[in-house]
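The residues making up each chain are set out below.
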Amino acid sequence: MLRQRATAQARDWSYRTDGIVFEHARQFGWSNRQTNQVRRSLKMLQILAPDGTTMVRATEVIRLRRYDAEGNIVSTLDVLDAAGLLIDDRTPHIDRYFDGKFAGLPPAMRTQLELWFDIMIHGSPIPPRRKPRDPATVKIQILGIAPIVTAWAEDGIESLAEISPELLLDSLPADAGKRHWAERGFRALFGILKGRNAIFADPTTGMPLTEPRRSTPLPADTETILAALNHSDPAVALATSIVAFHGLTNLQIRALQLTDIIDGRLTLPDGRVIPLAEPVRARLRTWLDHRATRWPRTMNPHLFVTMQTAPRLSAPSRQFPWLKAGISAQTLRTDRVLHEVQASGGDVRRISDLFGIGIESVARYLGVLDPDLSGHRPD
């Protein structure tokens, strides 16, 4: 019913937004179907908005899903943002995560944690200066300290200024991995609070940092690799081959652009130039043919595109295409490094240069295949 009303009404707003929609469609290679979906979503927004509304909140656009709208929500947000009509009132995921982990704390403790969180996410231009941290790093630190801080609050502690070095050490978990991230989190937390004079003393001063427990690198199942290499989806086959033959990381795969590959040679941001193996080249040709046929008008510069990213310029998600492949990029990369360790006889310098990893990381692989190689040193 709403879609029928959207087709028959909202003419005024259509005249104001159609030009922007068509420009985006031309610039990003939208199909006629997607263009019409976005136009319909904009019409629905006008019907739902109060009279005289000139700005649209992002949460209102997202709520269109309640009406089973066919319009592309992300593309609709892009159009409104480009037109200067969008109020982005979406709460970042990391903010929701922080609120969920620290709900119900005493006011003083909550204020101290909010100060730390704000500086970690946004940085600080005033002394002591700090650069913003990646939200993923902040999330891990929240995960490390949240159970301990919550337990302190349940024990009647009202402020983090009450925490002594002895209490902190007694509260740290025994597991090496959890303890490592708790220590990292508390170092940052108390360091920021001390720098802002929110506490009198930093209880982490002089506290040693526990080394995290490292997993043992293991080779991957050969049948699983072969199945992914010969997958019917050309994106899966190509991504698998790049990692299996050349050991790229998932982040590097997602960031690859069409211009990074010239005449069968891949150039990475760090300057390394990799001649692609013939099996990779064959899968590259298949993927490029599929890409050109499936999304002939896309302006996305990334090598890999999806239904979601073809109409814009963003990289694919972290899960692409590994959920369909049935194996992770890290598992493939680990298998590739182990094979190189074996083939090179534990040549540390060669392995480090080939895969862009440090000496300590190489040592983990050396000890797996032959404990005697763990003490190998480059010439």
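Residues numbered from 1 in each chain as written. Predicted model: local features only at pLDDT ≥ 70, side-chain atom pairs only at ≥ 80, totals over all residues. Heavy atoms only, no water.

Participant: Residues and numbers for the packing of helix H12 (residues 234-246) against helix H14 (residues 278-294), please.
Facilitator: Helix packing for two helices is described by the angle between their axes and how far apart those axes are. Where H12 meets H14, the closest approach of the two axes is 9 Å, and the angle between their N-to-C directions is 155 degrees. Compared by their axis directions, H12 and H14 come out roughly antiparallel. Here the hand of the crossing between H12 and H14 comes out left-handed. For the pair formed by H12 and H14, the contact residues are Pro-234, Ala-235, Ala-237, Leu-238, Ser-241, Ile-242, Phe-245 and His-246 on the first element and Pro-279, Val-280, Arg-283, Leu-284, Thr-286, Trp-287 and His-290 on the second. (Axes fitted to C-alpha atoms, helices over the stretch in contact; angles between N-to-C directions. Helix = DSSP H or I, 4+ residues; strand = E, 2+ residues; numbered from the N terminus. Parallel < 35°, antiparallel > 145°, perpendicular 65-115°, else oblique. Left-handed = near helix turned anticlockwise from the far one by under 90°. Contact = heavy atoms within 4.5 Å.)

Participant: Describe the confidence of the model for the chain, naming the residues involved and giving the relevant values.
Facilitator: On average, residues of the chain score 86 in pLDDT, and 90% of them reach the 70 mark or higher. Per-element averaging of pLDDT across the chain places helix H1 (residues 2-8) at the bottom with 49 and H14 at the top with 96. Throughout residues 6-11 the model reports pLDDT below 50, and contacts reaching past four residues in sequence, or to other chains, amount to nine contacts. (pLDDT = per-residue confidence, 0-100.)

Participant: Describe in detail the environment of Ala-146, supporting the description with residues and values.
Facilitator: Take Ala-146: it is sitting in helix H8 (residues 135-154). For the pair Ala-146 and Lys-101, spaced 45 residues apart in sequence, the C-alpha to C-alpha distance is 6.2 Å. Contacts of Ala-146, omitting those with residues within four sequence positions, involve Lys-101 and Phe-102.

Participant: Can you tell me about the pattern of salt bridges, naming the residues and giving the values?
Facilitator: Oppositely charged side chains may form a pair once their charged atoms are brought near each other. For the structure shown, the criterion picks out 12 salt bridges. Note that Arg-39 is salt-bridged to Asp-18, the shortest N-O span being 2.9 Å. Here the residue Arg-39 occupies a position in helix H3 (residues 32-48), and Asp-18 occupies one in helix H2 (residues 11-28), the gap between them amounting to 21 residues. The exposure class assigned to Asp-18 is buried, which follows from its relative accessible area of 13%. Glu-340 serves as the salt-bridge partner of Arg-336, at 3.0 Å between the closest nitrogen and oxygen. (Salt bridge = Lys/Arg side-chain N within 4 Å of Asp/Glu carboxyl O. Buried < 20%, exposed > 50% of the residue type's maximum accessible area, 1.4 Å probe, protein only.)

Participant: I'd love a proper account of the environment of Trp-287, names of residues and values included.
Facilitator: Here Trp-287 lies in helix H14. Once the C-alpha coordinates of Trp-287 and Ala-237 are considered, the two residues, 50 residues apart in sequence, prove to be 8.5 Å apart. Excluding residues that lie within four positions of it along the chain, Trp-287 makes contacts with Pro-234, Ala-235, Leu-238, Trp-295, Leu-303, Phe-304 and Val-305.

Participant: Explain the nonpolar core to me, using residue names and the numbers behind them.
Facilitator: Formed by 34 residues in total, the largest nonpolar core has its most connected members in Leu-113, Trp-116, Ile-142, Trp-152 and Phe-186. Sorting the residues of this core by element identifies helix H6 (93-101), helix H7 (107-122), H8 and helix H10 (176-195) as the ones contributing at least two each. Counting residues per element, this core draws most heavily on H8, which supplies eight residues. Ala-235, Leu-256, Ala-277 and Trp-295 belong to the second largest nonpolar core, which has 33 residues in total. (Core = buried A, V, L, I, M, F, W, Y, C linked by side-chain atoms within 4.5 Å.)

Participant: Please set out helix H11 (residues 222-229) residue by residue, giving values where relevant.
Facilitator: A turn of α-helix holds 3.6 residues, and therefore any two residues three or four places apart point the same way. Among all positions of H11, only Ile-225, Ala-228 and Leu-229 are buried. Across the axial projection of H11, the buried residues extend over an arc of 100 degrees, all falling on one side. On the buried face of H11, the contacting elements are H12, H14, helix H15 (322-325) and helix H16 (329-344). (Arc of directions from axis to C-beta.)

Participant: How would you explain the sheet that holds strand E5 (residues 273-275) if you had to name every residue and give the values?
Facilitator: Spatially, three strands are ordered E3-E4-E5 in an open sheet, and the strand pairing comes out antiparallel. The open sheet has two free edges, formed respectively by strand E3 (261-262) and E5, since each of these has just one partner strand. (Pairing = 2+ DSSP bridges.)

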